[in-house]
Amino acid sequence: MESKHKLSINQWALEDRPREKMMEKGAAALSDAELLAILIGSGNTEESAVELMRRLLLSCDNNLNSLAKWEVCDYSRFKGMGPAKSITVMAALELGKRRKLQNTKERPQITCSKDIYDIFQPLMCDLEQEEFWVLLLNQATKLIDKVRISTGGIDGTYTDVRTILREALLQRATQIAVVHNHPSGNIRPSQPDKTLTEHIRKAADTMNIHLIDHVVVCEDGFFSFADEGLL
């Protein structure tokens with residue numbers, strides 16, 4: 001008699017391989033059954049993991065909230081769903097529930113140069129060398145991230161405009177602000193500071209990214225290119 005084996009995830013038809021589909025198109029392109037199939041890895045002797053998960057979901061009206069109430073004994077009604085696979089699915093659903101219950105941390109909104117200074121003054125007030133940072137912002141000028149681009153000496157730091165734009169593109173920022181400090185305490189920007197700002201602005205414009213400000217931070221104050229009409 002020919003032996004039967006479970007259909008492993010690598011034996012499915014190409015169009016029925018959720019891992020490959022997720023890598024190519026992203027998680028949002030997968031159905032609930034396909035996402036669950038990735039978790040269990042294999043089906044049974046008659047059906048693939050995707051087919052098994054479709055049938056399992058059908059039994060609870062394709063409602064993940066209903067499925068989240070199941071115990072191991074409920075999953076065991078389906079061939080191929082042993083304790084290990086059942087617990088894996090239960091753990092994933094529990095994580096989803098905990099994520100939903102967690103409060104989403106509100107991103108701070110940048111409304112003026114003082115907001116930028118307030119973020120960086122504690123970071124930069126005691127530095128003995130220059131650092132150059134970029135603030136990545138969304139369309140509503142809410143903070144996505146802040147990234148240090150370079151660190152230099154007392155008199156300056158080399159800044160690669162391409163690195164700034166790369167960070168913005170990777171995190172899908174539509175607006176940016178750049179920040180650097182003057183350890184000397186001289187709040188006024190140098191001519192190289194002005195030239196760099198113009199290079200950043202022009203390069204950002206080509207990517208449809210808006211440079212909202214360049215702030216020079218000192219211990220007791222700051223200089224804003226935007227406030228001074230230099231952008």
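Cut-offs used in this document
Residues numbered from 1 in each chain as written. Predicted model: local features only at pLDDT ≥ 70, side-chain atom pairs only at ≥ 80, totals over all residues. Heavy atoms only, no water. UniProt positions renumbered as here; feature names shortened; annotations may be inferred. Helix = DSSP H or I, 4+ residues; strand = E, 2+ residues; numbered from the N terminus. Buried < 20%, exposed > 50% of the residue type's maximum accessible area, 1.4 Å probe, protein only. Contact = heavy atoms within 4.5 Å. Areas by Shrake-Rupley, 256 points an atom, 1.4 Å probe, with all protein chains shown as cover. Pairing = 2+ DSSP bridges. Right-handed = clockwise from strand over helix to strand, strands pointing away. Salt bridge = Lys/Arg side-chain N within 4 Å of Asp/Glu carboxyl O. Patch = residues over 30% accessible without salt bridge, like charges linked within 9 Å, V, L, I, M, F, W, Y side chains within 5 Å. Lys, Arg positive; Asp, Glu negative; His and termini not counted. Charge placed at Lys NZ, Arg CZ, Asp CG, Glu CD. pLDDT = per-residue confidence, 0-100. Polar contact = N/O pair within 3.5 Å; in protein donor to acceptor, adjacent residues only side chain to side chain.

The name an unreviewed UniProt entry gives the protein is DNA repair protein RadC, with Bacteroides xylanisolvens as the organism. For the protein, the Sequence similarities (unreviewed entry) comment in UniProt is given as "Belongs to the UPF0758 family."

**Student:** Just checking my understanding: could you explain the overall build of the protein for this structure?
**Tutor:** When helices and strands are counted, the protein shows nine helices and five strands. The helix and strand sequence of the protein, counted from the amino end, reads α-α-α-α-α-α-α-β-β-α-β-α-β-β. Out of the 231 residues in the protein, the part that is buried amounts to 39%. In the protein, the share of contacts with a sequence separation of at least 24, taken over all contacts with a separation of at least 6, comes to 60%. If you sum the accessible surface of the protein, you get close to 13,900 Å²; carbon and sulfur atoms cover 50% of it.

**Student:** Just checking my understanding: could you explain the pairing of strand S4 (residues 210-218) for this structure?
**Tutor:** For a regular strand, side chains alternate in direction, first toward one face of the sheet and then toward the other. Burial analysis of S4 places seven of its nine residues in the buried class, which makes it a mostly covered element. Sheet analysis places strand S3 (residues 175-181) next to S4, joined by seven bridges and oriented parallel. Looking at the pairing, His 180 lines up with Val 216 of S4. Remark: the S3/helix H9 (residues 191-206)/S4 crossover connection has right-handed handedness. Both S4 and strand S5 (residues 221-224) contribute to a ladder of four bridges, which runs antiparallel. What sits directly across from Val 217, in S5, is Phe 222. Counting the residues that bridge the hairpin from S4 to S5 gives two residues.

**Student:** Would you take a moment to explain the pattern of salt bridges for this structure?
**Tutor:** Side chains bearing opposite charge may pair, as long as their charged atoms lie close to each other. Counted under the stated rule, the structure contains 12 salt bridges. Across the pair Glu 167 and Arg 166 runs a salt bridge, and its minimum N-O distance is 3.9 Å. You can call Arg 166 exposed: its relative accessible area is 51%. Note that Glu 198 is salt-bridged to Lys 202, the shortest N-O span being 3.9 Å.

**Student:** Sorry if this is basic, but what is going on with the pairing of S3 here?
**Tutor:** Within S3, seven of the seven residues are buried, which leaves the element mostly enclosed by the surrounding structure. Taking every second residue as pointing to the same face, both faces of S3 are buried, with Gln 175, Ala 177, Val 179 and Asn 181 on one and Ile 176, Val 178 and His 180 on the other. Where strand S1 (residues 131-137) meets S3, six bridges bridge the pair, whose relative direction is antiparallel. Looking at the pairing, Leu 137 lines up with Gln 175 of S3.

**Student:** Would you mind going over a negative patch on the surface with me for this structure?
**Tutor:** Among the surface-exposed residues, Asp 126, Glu 128, Glu 219 and Asp 220 lie close enough to one another that they form a single negatively charged patch. As for its position among the elements, Asp 220 is in the loop between S4 and S5.

**Student:** Would you mind going over the confidence of the model for the protein with me for this structure?
**Tutor:** Regions with low pLDDT should not have their predicted coordinates read in detail. Confidence along the protein averages 88 in pLDDT terms, with 89% of residues attaining 70 or more. In the model of the protein, helix H1 (residues 18-25) stands out as the element of lowest mean pLDDT, 89, in contrast to S3, which has the highest, 97.

**Student:** How should the side chain of His 180 be read in this particular structure?
**Tutor:** Secondary-structure assignment places His 180 in strand S3. A polar contact of 3.4 Å, which involves the side chain of His 180, links it to the side chain of Asp 193. In this view, His 180 contacts Met 124, Glu 130, Glu 131, Phe 132, Asp 193, His 214, Val 215, Val 216 and Val 217; residues no more than four positions away in its chain are not counted.

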